[in-house]
Structure formats: C-alpha cells, structure tokens
Amino acid sequence: ETPAAKSIICEPNTIYSPLKGTVIPLAEVSDPVFAEEVMGPGVGIEPEEGKLYAPVEGEIITVFPTGHAIGMKTADGMEVLLHIGIDTVQLEGDGFQAFVKQGDHVKAGELLVEFDCAKIKDKGYQTTTMVLVPNAALLGTMSKPHTGKVEVLEQIFNFQ
C-alpha cells in the first residue's frame, strides 16, 4: 500500500523519503556511528508516523531479524541502508513488523516496516531513522540534502 497510491519514476542515484517526518543533517544524529558517516553518508529523519516505505526501487538485500533495519540495492548498484531508531536493536524486534524479506523486489513507496513510535520512546530509545548510502564513494558527489518537513517519496538527495 503506497501513500495516496502515489507511484513515481525513480531517477538514478536518487533517494526519496521513506517516511513522513522531518529531515535532519546526519551530523545532528545523536549516535556517532551514524553522525560520522561510518555507515555511509545520508540523513536522519524524525518520523511522524511509524511506517517505513521503500525510498528507491530495488531488491531487499538484508532484513535484520529485529525488523529495525533494512538494506536495499537498486538495479544500477546504489546501496541503501535504512535504520529505524538509535540502539533499537536492543528492543529485539519488539514494536517492529517487517513486511518484506531478503530477495524481494520492491517499488519506491512500498511499505517495508511498521514500527510503534510510542513503544520505542517509552522504552527510552529515539525514533530518529537513518537513510544511508554505504557505497556512496562509487556514486559521485552527494547533493545537499533537503532538510525540514518531508512527505513520503519526496526527493531528499542524490549523487552526481
């Protein structure tokens, strides 16, 4: 189910928002592993609702058993890592439900994971969600990301 049955034609090497929320620069994320781009450049998003959609069309290459993180790869080879929340692996899947599995092919805007923002926060974790490109070094220069309010499937950054 896509938000408002919206389908988009994905531009190459372009990341669209997987969430409705507010985009913040990755450097402002409270976990240094993400903020220092150890896992690749990208953005953080403060979600307004607990639904994570595919930010690109491609193959699901990893679904963490805990449901809090998903890896994707596009047909042209861009890798995308989606990580819901900070240290949320410690919830051991409580509050997360993944709707995809490794090997699935998804279109941009398909629902990947539902997560319970209130439960995650009640347990003391942040819901900031990272949208990262681990193999960015192969893709060229990342554009300055769109920050602030964002709707699902709005373009947030690309590589040129």
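Just so you know, these numbers come straight off a predicted model, no measurement behind them. (Residues numbered from 1 in each chain as written. Predicted model: local features only at pLDDT ≥ 70, side-chain atom pairs only at ≥ 80, totals over all residues. Heavy atoms only, no water.)

(A) Quick peek at the sheet that holds strand β8 (residues 96-98). Read across the sheet, three strands follow the order β4-β10-β8 without closing on themselves; strand pairing throughout is antiparallel. Each edge of the sheet is formed by a strand with only one pairing partner; in this case those strands are β4 (51-53) and β8. Geometrically, the sheet is characterised by an average inter-axis angle of 15° between neighbouring strands, direction not taken into account. Pairing of β8 with strand β10 (residues 111-115), which is carried by three bridges, proceeds in the antiparallel orientation. Looking across to β10, one finds that Ala98 is bridged to Val113. (Pairing = 2+ DSSP bridges. Helix = DSSP H or I, 4+ residues; strand = E, 2+ residues; numbered from the N terminus. Axes fitted to C-alpha atoms, helices over the stretch in contact; angles between N-to-C directions.)

(B) Local environment of unusual backbone geometry. Positioned with a positive phi, Glu37 is a non-glycine residue whose angle comes to about 60°. Secondary-structure assignment places Glu37 in the loop between α1 (32-35) and β3 (42-47). Taking the relative accessible area as the measure of exposure, Glu37 reaches 44% and is therefore partly exposed. The phi torsion at Leu153 lies on the positive side, around 75°, for a residue other than glycine. Mapped onto the secondary structure, Leu153 falls in the loop between β12 (148-150) and β13 (155-158). (Buried < 20%, exposed > 50% of the residue type's maximum accessible area, 1.4 Å probe, protein only.)

(C) Highlighting the nonpolar core. By size, the foremost hydrophobic cluster in this structure holds 33 residues, and its most contacted members are Ile15, Met72 and Leu112. Secondary-structure elements contributing two or more residues to this core are β3, β6 (69-73), β7 (79-84), β10, α2 (117-122) and β13. In this structure Leu112 touches Leu52, Tyr53, Ala54, Ile60, Ile70, Met72, Leu82, Gln97, Ala98, Phe99, Val100 and Val106, once residues within four positions along its chain are discounted. Judged by nonpolar contacts, the second largest core, of eight residues, contains Val29, Phe34, Leu81 and Met130. (Core = buried A, V, L, I, M, F, W, Y, C linked by side-chain atoms within 4.5 Å. Contact = heavy atoms within 4.5 Å.)

What is shown is where atoms sit, not what they do.
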